[in-house]
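Structure at a glance
Take a look at the letters that make up each chain.
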Amino acid sequence: MASLRCFLRSGRNAVSVILRREFHKTSPAALQVTVRDALNQAMDEELERDERVFLLGEEVAQYDGAYKVSRGLWKKYGDKRIIDTPITEMGFAGIAVGAAMAGLRPICEFMTFNFSMQAIDQVINSAAKTYYMSAGVAAQHSQCFAAWYGHCPGLKVISPWSAEDAKGLLKSAIRDDNPVVVLENELMYGVPFEMSEEAQSKDFTIPIGKAKVERQGSHITLVSHSRMVGHCLDAAAVLAKEGIECEVINLRTIRPMDIDTIEASVMKTNHLITVEGGWPQFGVGAEICARIMEGQAFNYLDAPAIRVTGVDIPMPYAKILEDHSTPQIKDIIFSVKKTLNV
């Protein structure tokens, strides 16, 4: 009888377990949407939501866009909000920037973004900087393009510091069969430098792609180009009085970059700081740090490499703000001491 009661109890438990079980459920299949259709939906929904939104570009209206991204929008919203433009990227990008300043929400479409280079002045000097500009033109006239041009295969990019650099590199650029971008810092035009007898020769040139060690040192490597080379040398002179010997490298050439000279110095000093006047993101210093990390010199570093750069904002107009936006000698000294932990 006891065994029967046990069986009945176990039977009821088994039935209870069965009743609690459910059939396996699969999540509903996700809707498949192409990127083209997703972009179309986004524009359609925003055009419907906000009457300030409009679309302009080449063939975006009656032709539904070169890649059909704007399909159906012209028929739905009409000529005033879906606007076909002439083939003039600079022109309709400028219209978009001006419209945005006036309170509208333009969507400016380039048929292919390669063509945006035709409108780069509107994108960078107008769209990106106008908000920061007040009582001056600093943001449109003060910037470093070393990283921009140095990014592009097919170009050689040089950035002289001294009078000797300027003469020798420019002569090499003129003689070179490749297109060479010469980045001159306007603040350096009136700065005098001693020029060696060799540099005064008509046959004097400086090879493109070769850096120069401007000052020997054993404790830390400072790598820079253009005007910031002088700042590094001044900082090194101050630090030498405190027993810190900095090796200062003048890049001279941004592309092709002389990474061998930098590596040799880092393997000697075991520390690295890059100094540039440009913005930090995707900058020359970032490239140097990446190349060192990827190469043999990385194993010789006793501390992380540090970048000293311009502040990540468009250049202010006021002199005191400009000084706070670009690297100063004190910033280099601070970074050296921080890296060496002194």
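About the cut-offs
- Residues numbered from 1 in each chain as written.
- Predicted model: local features only at pLDDT ≥ 70, side-chain atom pairs only at ≥ 80, totals over all residues.
- Heavy atoms only, no water.
- Helix = DSSP H or I, 4+ residues; strand = E, 2+ residues; numbered from the N terminus.
- Buried < 20%, exposed > 50% of the residue type's maximum accessible area, 1.4 Å probe, protein only.
- Salt bridge = Lys/Arg side-chain N within 4 Å of Asp/Glu carboxyl O.
- Pairing = 2+ DSSP bridges.
- Axes fitted to C-alpha atoms, helices over the stretch in contact; angles between N-to-C directions.
- Domains from an automatic or database assignment.
- Buried area = accessible area lost by both parts, 1.4 Å probe.
- Polar contact = N/O pair within 3.5 Å; in protein donor to acceptor, adjacent residues only side chain to side chain.
- Nonpolar A, V, L, I, M, F, W, Y, C, P; charged D, E, K, R; others polar.
- Patch = residues over 30% accessible without salt bridge, like charges linked within 9 Å, V, L, I, M, F, W, Y side chains within 5 Å.
- Areas by Shrake-Rupley, 256 points an atom, 1.4 Å probe, with all protein chains shown as cover.
- Parallel < 35°, antiparallel > 145°, perpendicular 65-115°, else oblique.
- Left-handed = near helix turned anticlockwise from the far one by under 90°.
- Contact = heavy atoms within 4.5 Å.

The subject of this paragraph is the environment of Val238. Looking at the secondary structure, you find Val238 in helix H9 (residues 228-240). Assessed through its relative accessible area of 35%, Val238 is described here as partly exposed. For the pair Val238 and Thr274, spaced 36 residues apart in sequence, the C-alpha separation works out to 18 Å.

On to the pattern of salt bridges, then. Considering all chains together, one arrives at 13 salt bridges under this definition. Residue Asp165 is joined to Arg252 by a salt bridge in which the shortest nitrogen-to-oxygen separation is 2.7 Å. One end of the pair, Asp165, is in helix H8 (residues 163-175); the other, Arg252, is in the loop between strand E8 (246-250) and strand E9 (253-255), with 87 residues separating them in the sequence. Taking relative accessible area as the criterion, Arg252 reaches 8% and is therefore assigned buried. The partner of Lys337 in a salt bridge is Glu242, with the nearest N and O atoms 3.0 Å apart. Taken together, the residues span a long stretch of sequence, with Lys337 in helix H13 (residues 329-340) and Glu242 in the loop between H9 and E8 at a distance of 95 residues. A residue is classified by how much of its surface remains accessible, and Glu242, at 48% relative accessible area, is partly exposed.

As a further point, take the sheet that holds strand E4 (residues 156-158). Read across the open sheet, the three strands follow the order E5-E4-E9; overall the sheet is mixed. Lying at the two open borders of the sheet, with one neighbouring strand each, are strand E5 (180-182) and E9. Neighbour to neighbour, the strand axes of the sheet diverge by 25 degrees on average, direction disregarded. Relative to E5, E4 runs parallel, the two sharing three bridges. Paired with Lys156 across the two strands is Val180, which belongs to E5.

Our next topic: the domain arrangement of the protein chain. For the protein chain, the assigned domains read domain 1 (33-200) and domain 2 (212-340). Distance from the C-alpha centre of domain 1 to the C-alpha centre of domain 2: 29 Å. Here domain 1 packs against domain 2, burying approximately 2,200 Å² in sum over the two surfaces, 63% of which is carbon and sulfur. In terms of surface lost to domain 2, no three residues of domain 1 exceed Cys144, Ser159 and Trp161, which account for 25% of the buried area on that side. Our enumeration of links across domain 1 and domain 2 arrives at one salt bridge. At the junction of domain 1 with domain 2, the criterion picks out eight residue pairs in polar contact (both at pLDDT 80 or more). For the side of domain 1 that touches domain 2, the secondary-structure elements that each account for two or more residues are helix H6 (138-141), helix H7 (146-150), E4 and H8. Per-element accounting of the side of domain 1 that touches domain 2 gives the leading share, four residues, to H7. Counted by class, the side of domain 1 that touches domain 2 contains 20 nonpolar, eight polar and four charged residues.

Before going further, it helps to spend a moment on a nonpolar patch on the surface. On the surface, Tyr131, Tyr132, Val311 and Ile313 cluster together to form a nonpolar patch covering roughly 450 Å² of accessible area. Topologically, Ile313 is positioned in the loop between strand E11 (306-308) and helix H12 (319-325).

Turning to the packing of helix H4 (residues 89-101) against helix H5 (residues 120-128), a few remarks are in order. Where H4 contacts H5, the two axes come as close as 9 Å, and the packing angle between them is 15 degrees. The angle between the axes of H4 and H5 places the two elements in the roughly parallel class. For H4 against H5, the interelement crossing comes out right-handed. Only Asp121, Gln122, Ser126 and Ala127 of H5 make contact with H4, whose side of the interface consists of Met90, Ala93, Gly94 and Val97.

With that out of the way, let us pick up the sheet that holds E8. Pairing in this open sheet of five strands is mixed, and the strands run E6-E8-E7-E10-E11 from one edge to the other. In this open sheet, the two edge strands, each paired with only one partner strand, are strand E6 (212-215) and E11. Neighbour to neighbour, the strand axes of the sheet diverge by 25 degrees on average, direction disregarded. The sheet contact formed by E6 and E8 spans three bridges and is antiparallel. Looking across to E8, one finds that Arg215 is bridged to Val248. Its contacts with the sheet put helix H10 (residues 259-269) on E6, strand E7 (220-224), E8 and strand E10 (272-275), and the angle it makes with E8 is roughly 175 degrees.

What follows is about unusual backbone geometry. For the bond from Arg255 to Pro256, the omega torsion is 0 degrees, close enough to zero to count as cis. Even without glycine at this site, Ser226 takes up a positive phi of about 60 degrees. Relative to the assigned elements, Ser226 resides in the loop between E7 and H9. Positive phi, normally seen in glycine, also occurs at Asn341, with a value near 60 degrees. Within the secondary structure layout, Asn341 lies in the segment after H13.

This brings us to the packing of H9 against H13. The interhelical angle for the contact between H9 and H13, taken along N-to-C directions, is 55 degrees, at an axis separation of 9 Å. The orientation of H9 with respect to H13, classified from their angle, is oblique. Considering only the axes of H9 and H13, their crossing is right-handed. Across from His231, Cys232, Asp234, Ala235, Val238 and Leu239 in H9, the residues of H13 making contact are Ile329, Ile332, Ile333, Val336 and Lys337. Its residues assigned to classes, the contact of H9 with H13 shows eight nonpolar, one polar and two charged.

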